[in-house]
Amino acid sequence: MSHEEMAQFESPRDGFAAFTADLCVRLLAVERVVLRRVAVGLDLGGTLDELCRLIDGFVPGSLATVMLLDEKHEHLCLAASPGVPAAVRHWLDGVRPGVGHGSCAAVAALRTRVFVVDTLTDPHWADVREEAARFGIRACWSVPIAIGGDAFAGTFAISQGRPADPSQFEVHVLETAACLAGVAIECAAHRAKLAENLLLAQQTRKLEDLGLLAGGIAHDVNNLLTGIVGNTELACRRLESSHPAHPLLQRIDSAATRCAQLCTRIHTFAGLAERRSESIDLNQLVEGTLDLARASFSGPATLDVRLAPNLPALAADPTQMTQVVLNLVLNARDAIGQARGHVRVTTGRCPDADDLVFLEVSDDGVGMSAEVRERLFDPFYSTKGPGRGLGMSVVHGIVKAHGGHILVSSEPGEGSRIRVELPIGTGSASPSPAAAPAPGTESDAASTRLKGSRVLVIDDEPLTRDLVAEFLRSIGIDTLLAANPSEALELLEAHRGAIDATLLDVSIPDLPGEQLYDRLHDLAPKMPIVVCSGLGDAELRERFQNREPFGFLLKPFRIDDFDRLLRGAIASGRD
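Residues numbered from 1 in each chain as written. Predicted model: local features only at pLDDT ≥ 70, side-chain atom pairs only at ≥ 80, totals over all residues. Heavy atoms only, no water.

Engineer: I tried to follow the overall build of the protein chain on my own but got confused; where do I start?
Structural biologist: In terms of helices and strands, the protein chain carries 18 helices and 17 strands. In the protein chain, the proportion of contacts linking residues at least 24 apart, taken out of those at least 6 apart, comes to 66%. When the accessible area of the protein chain is evaluated, it comes to approximately 28300 Å², of which 53% is carbon and sulfur surface. (Helix = DSSP H or I, 4+ residues; strand = E, 2+ residues; numbered from the N terminus. Contact = heavy atoms within 4.5 Å. Areas by Shrake-Rupley, 256 points an atom, 1.4 Å probe, with all protein chains shown as cover.)

Rendered as C-alpha cells:
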C-alpha cells in the first residue's frame, strides 16, 4: 500500500490524523494468516473463526460475524462468530433476507453493503429493534461476500455496542475481510469438489476392477454350470421317467438354473449383459414401474411422483430400465421403513446438459454414512441383512452400459437422493442372435442325413468338451476335440474339407477368440462357426461385431438349444 493510499484512512473517533504504517503491517499480517490457512487446506469453519478473531482484535470494541446463504437461498446461516454470545448467535442464525431484519439481511436482499450507524433508528433494523436493544447491538456494518467473481455467498459484518459510523480505514478492513472470506469459501468449495471427483474416480476404478473380477468369476462359473446342466439333462434322457433319481436330477437342474440367473445379474453389474435398445418414453416407463411398486407401500410411507412433460425419448433397454426404477424406489421405501415419510420420484431435463435426462429418487429415510455411500455399488454389500446386496450394483451396471452416470447425496438422518442421468436418443430393437433358427423337430430323414457329420469342438474346459462329445456321438455325429488353438488348427489342417461345423469357445487360452476365429475362417471360409462363451452377451457381440459367425451360444446352454443350433449350422454348410 502506498503512502498516498495510507493517508486517505482516518479514524476520527480515536483522533489519528492518518493511517499509520503499523496498522498497515497488522492488516497484511491478517491477510497472511488467513491465506496460509487457505493454502494448506485447513477447515473452512476454523479459518472463518480465525478471521473474525483477528478482525475483533483489529477494530476496537467490534464483534465480527460471517453469515452464508443456504443452498435454497432462503436463509442466512451463521458460519463464524467466535466473540458473539450464544444467545445472540441463536438469534442471528437462520435470518431471512429482507430489509428491516438487520444489516446482514438487508445486504442479502439488496446485494450491496449496508452501514447502519444506529440500529434503534435505522429502517434496516425496523423489525428487530427490540432484539438489538436487548443484545446491545447499536451499530452494524455489513458487506457482501462474493465468490466466483460476483456470485453472492454471504456477508461479513462488524457490530458495535454504541452508535458509530465506520471510518475509511474500517471500511477497508471490512472489504478486505469479506474478500478473504470469499477466497476461503471458494477454495474450500474447489477442494471439496476435487475430493468428490477424486472419490468418484476411485469408486469408478474400483467398480471397473470389481466388474472385471465379477465377469471373470461368472465366466468360470458358467463353464462349470455347462457341465452340471448338460450332464444332468443327459442323465434324465437316459433314465426312465419313473426312475427314482429323476427328482434328484431335477433339483440339481433347478439349483444350477438359479446359479445361472445369479451369473446373469453379475454380468449386468459388470456391464456385460445383453442390452436390447429401443426408443422408450421415460415417463411412461416410470409410471408403469410404479404401478408395480405401489403394492409394496403398505406402511405409512407415501409415494410422490413429479414427471416433467415432453421429455425426449431414450435409446434404452426397457426391461433393464424398469429394474433400475424398481430397485431405486424399493430401496427408498426400505430406508423409511415403518416411519412416516415420502419417497419422491422425479424426472426432467438436466439443466446443464441438453443431451441428458434424469430420473431422481429421494426419501426421508435413515440416510447413509460415508462408509455406506462409498460401498453402495459394491456387489453383495448390503445393510439389509444376509441374502441381499446385488440390487444397487446391478443398477450401476445397467446405467453404465447405457452411457449414463449416478449421483448420490445422503447423510445419516437426512434421507437420500439418488439421481440417474441418461443420454437421450432414439433406438430400435437390437438384432436377435445371429443364429439361424433351426426347426424345433426334424424328420427321421433329416436326422439320418446328419449322421456321419464331423464337428470340431474347441474348448479348454474338459467338462464342456466331454459333454458335447458324448451328446454328439449319441446322435451319430463324429467329434474332433481341441483344448487349445494349436490343436484346433492342426485338426482343421488334417481334416481340411471334412469338418461340417465348429464350436469355438472364445475364452480359450494362448490366442484371443476373435483371432482364432479369423485363422479358422481363413483355412475354411465356408465352414460354419458357432461362437460359445461364458461371457456376457454384450461383450461377446462387441468382440465379434465385424465378423459373421453362424450363431452365439451362451453358457450354460441347454442340450436342446445346442442341438438345434448345431444342426442348423451343419445344414447351412451343406447348402
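Picking up after the structure, the text goes on.
Engineer: Help me out: how do you make sense of the packing of helix 15 (residues 485-494) against helix 16 (residues 513-523) in this one?
Structural biologist: The packing of two helices is summarised by the inter-axis angle and the distance between the axes. Running from amino to carboxyl end, helix 15 crosses helix 16 at an angle of 10 degrees, the nearest separation of the two axes being 11 Å. Comparing the axis directions of helix 15 and helix 16 gives the class roughly parallel. Listed contacts from helix 16 to Pro-485, Leu-489, Leu-492 and Glu-493 of helix 15 are Leu-516, Arg-519, Leu-520 and Leu-523. Residue classes in the contact of helix 15 with helix 16 are distributed as six nonpolar, no polar and two charged. (Axes fitted to C-alpha atoms, helices over the stretch in contact; angles between N-to-C directions. Parallel < 35°, antiparallel > 145°, perpendicular 65-115°, else oblique. Nonpolar A, V, L, I, M, F, W, Y, C, P; charged D, E, K, R; others polar.)

Engineer: Sorry if this is basic, but what is going on with the pairing of strand 11 (residues 405-410) here?
Structural biologist: Taken residue by residue, a regular strand's side chains alternate between the two faces of the sheet. Looking at chain direction, strand 11 and strand 12 (residues 416-423) are connected through six bridges and run antiparallel. Counted as the bridge partner of His-405 is Glu-421 from strand 12. (Pairing = 2+ DSSP bridges.)

Engineer: I keep staring at the packing of helix 9 (residues 282-293) against helix 10 (residues 318-336) and nothing clicks. Help me out?
Structural biologist: Helix 10 packs onto helix 9 with a crossing angle of 50 degrees between their chain directions and a minimal axis gap of 9 Å. Taken together, the axes of helix 9 and helix 10 lie oblique to each other. As helix 9 runs across helix 10, the sense of the crossing is right-handed. In this structure, helix 9 contributes Leu-285, Val-286, Thr-289, Leu-290 and Ala-293 to the contact, and helix 10 contributes Pro-318, Met-321, Thr-322, Val-325, Leu-326, Val-329 and Leu-330. Taken together, the residues of the contact of helix 9 with helix 10 break down into ten nonpolar, two polar and no charged. (Left-handed = near helix turned anticlockwise from the far one by under 90°.)

Engineer: Could you clarify how one ought to interpret the sheet that holds strand 11 in this entry?
Structural biologist: Taken together, the five strands give an open sheet; going across it, the order is 7-9-10-12-11, and neighbouring strands pair in mixed fashion. If you trace the sheet from one side to the other, it starts and ends with strand 7 (302-307) and strand 11, each paired once. Pairwise comparison of adjacent strand axes, ignoring direction, gives a mean angle of 10 degrees for this sheet. Note: strand 10 (residues 356-363) against strand 12, eight bridges, orientation antiparallel. Bridging across to strand 12, Val-357 finds its partner in Leu-422. Helix 10 rests against strand 7, strand 9 (342-349), strand 10 and strand 12 of the sheet, and its axis sits at about 25 degrees to strand 10.

Engineer: Would you take a moment to explain unusual backbone geometry for this structure?
Structural biologist: Leaving glycine out, the prevailing phi sign among residues is negative, and the prevailing peptide bond configuration is trans. A cis amide bond, omega -5 degrees, links Lys-555 with the succeeding residue Pro-556. Of note, Pro-556 is situated in the loop between strand 17 (551-554) and helix 18 (559-574). Positive phi values are uncommon outside glycine, yet His-73 reaches one of about 60 degrees. Structurally, His-73 is set in the loop between strand 1 (62-69) and strand 2 (76-80). One non-glycine residue, Asp-510, lies in the positive phi region at around 80 degrees. You can see Asp-510 is positioned in the loop between strand 15 (501-505) and helix 16. According to the relative accessible area criterion, Asp-510 is exposed, its value standing at 74%. (Buried < 20%, exposed > 50% of the residue type's maximum accessible area, 1.4 Å probe, protein only.)

Engineer: So what exactly am I meant to see when it comes to the pattern of salt bridges here?
Structural biologist: One pass over the structure, following the stated rule, counts 20 salt bridges. Linking Glu-360 and Arg-417 is a salt bridge whose minimum nitrogen-to-oxygen distance equals 3.8 Å. One end of the pair, Glu-360, is in strand 10; the other, Arg-417, is in strand 12, with 57 residues separating them in the sequence. With relative accessibility at 13%, the residue Glu-360 sits in the buried group. In this structure, a network of salt bridges that share partners links the residues Glu-360, Arg-417, Arg-419 and Glu-421. (Salt bridge = Lys/Arg side-chain N within 4 Å of Asp/Glu carboxyl O.)

Engineer: Would you mind showing me how to read helix 10 here?
Structural biologist: The α-helix advances 3.6 residues per turn, and as a result positions three or four apart in sequence lie on the same side. Between its terminal C-alpha atoms helix 10 stretches 27 Å, which fits the 27 Å expected from 19 residues at 1.5 Å a residue. Considered for burial, the residues of helix 10 that qualify are Pro-318, Gln-320, Met-321, Val-324, Val-325, Asn-327, Leu-328, Val-329, Ala-332, Ala-335 and Ile-336. Backbone nitrogen of Gln-320 and a side-chain oxygen of the N-cap are separated by 3.1 Å at the start of helix 10; the cap is Asp-317. One or two positions beyond helix 10, positive phi appears at Gly-337, with a value near 65 degrees. (Expected span 1.5 Å × (residues − 1). Polar contact = N/O pair within 3.5 Å; in protein donor to acceptor, adjacent residues only side chain to side chain.)

Engineer: Help me understand the side chain of Ser-81, please; the structure alone is not making it clear to me.
Structural biologist: On the secondary structure map, Ser-81 appears in the loop between strand 2 and helix 4 (86-92). Looking at Ser-81, the relative accessible area reads 6%, which means it is buried. Setting aside its immediate chain neighbours within four residues, Ser-81 contacts Asp-49, Ala-64, Thr-65 and Arg-89.

Engineer: Honestly, the packing of aromatic side chains in this entry has me stumped. Any pointers?
Structural biologist: The description of two aromatic rings rests on the distance between their centres and on the angle between their planes. Considering all chains together, one arrives at six aromatic pairs under this definition. Judged by centre distance (5.6 Å) and plane angle (35 degrees), the ring pair of Trp-91 and Phe-135 falls under tilted. Within this pair, whereas Trp-91 is found in helix 4, its partner Phe-135 is found in helix 6 (residues 129-135), the two being separated by 44 residues in sequence. Taken together, the ring pairs connect Trp-91, Trp-125 and Phe-135 into an aromatic cluster. We note Arg-134 situated over the ring of Phe-135; from NZ or CZ to the ring centre the distance is 4.7 Å. When the ring centre of Phe-358 is taken as origin, the NZ or CZ atom of Arg-419, which lies over that ring, is 3.8 Å away. (Phe/Tyr/Trp six-rings, centres within 6.5 Å; stacked < 30°, edge-to-face > 60°. Lys NZ or Arg CZ within 6 Å of the ring centre and 35° of its normal.)

Engineer: Quick question: what am I supposed to make of the nonpolar core here?
Structural biologist: A general tendency of soluble globular proteins is for nonpolar side chains to be buried together. Among the nonpolar cores identified, the biggest contains 37 residues, and Met-321, Val-324, Leu-328, Val-329 and Val-345 are the most heavily contacted of them. Among the elements of the structure, helix 9, strand 8 (314-316), helix 10, strand 9, strand 10, helix 12 (391-401) and strand 12 are those that each provide at least two residues to this core. Examining the composition of this core, we find that seven residues originate from one element, helix 10, more than from any other. Once you skip the residues sitting within four places of it in the chain, Val-345 turns out to touch Val-286, Leu-290, Leu-303, Asp-304, Val-305, Arg-306, Val-329, Leu-359, Glu-360 and Val-361. (Core = buried A, V, L, I, M, F, W, Y, C linked by side-chain atoms within 4.5 Å.)

Engineer: Explain the sheet that holds strand 17 here, please?
Structural biologist: The strands that make up a sheet pair up through hydrogen bonds in the backbone, lying either parallel or antiparallel. Strand order in the open sheet formed by five strands is 14-13-15-16-17, and the pairing between neighbours is parallel. Of all the strands in the sheet, just strand 14 (478-482) and strand 17 have a single pairing partner and so form its edges. Neighbour-to-neighbour, the strand axes of the sheet open up by a mean angle of 20 degrees, direction not taken into account. As judged from the four bridges shared by strand 13 (residues 454-458) and strand 15, these two strands associate in the parallel manner. Along strand 15, the bridge assignment pairs Leu-456 with Thr-502. Along the sheet, helix 14 (residues 462-474) contacts strand 13, strand 14 and strand 15; its crossing angle with strand 14, the most-contacted strand, is approximately 170 degrees. The strands touched by helix 16 are strand 13, strand 15 and strand 16 (529-533); relative to strand 15, the strand with the most contacts, the crossing angle is about 165 degrees.

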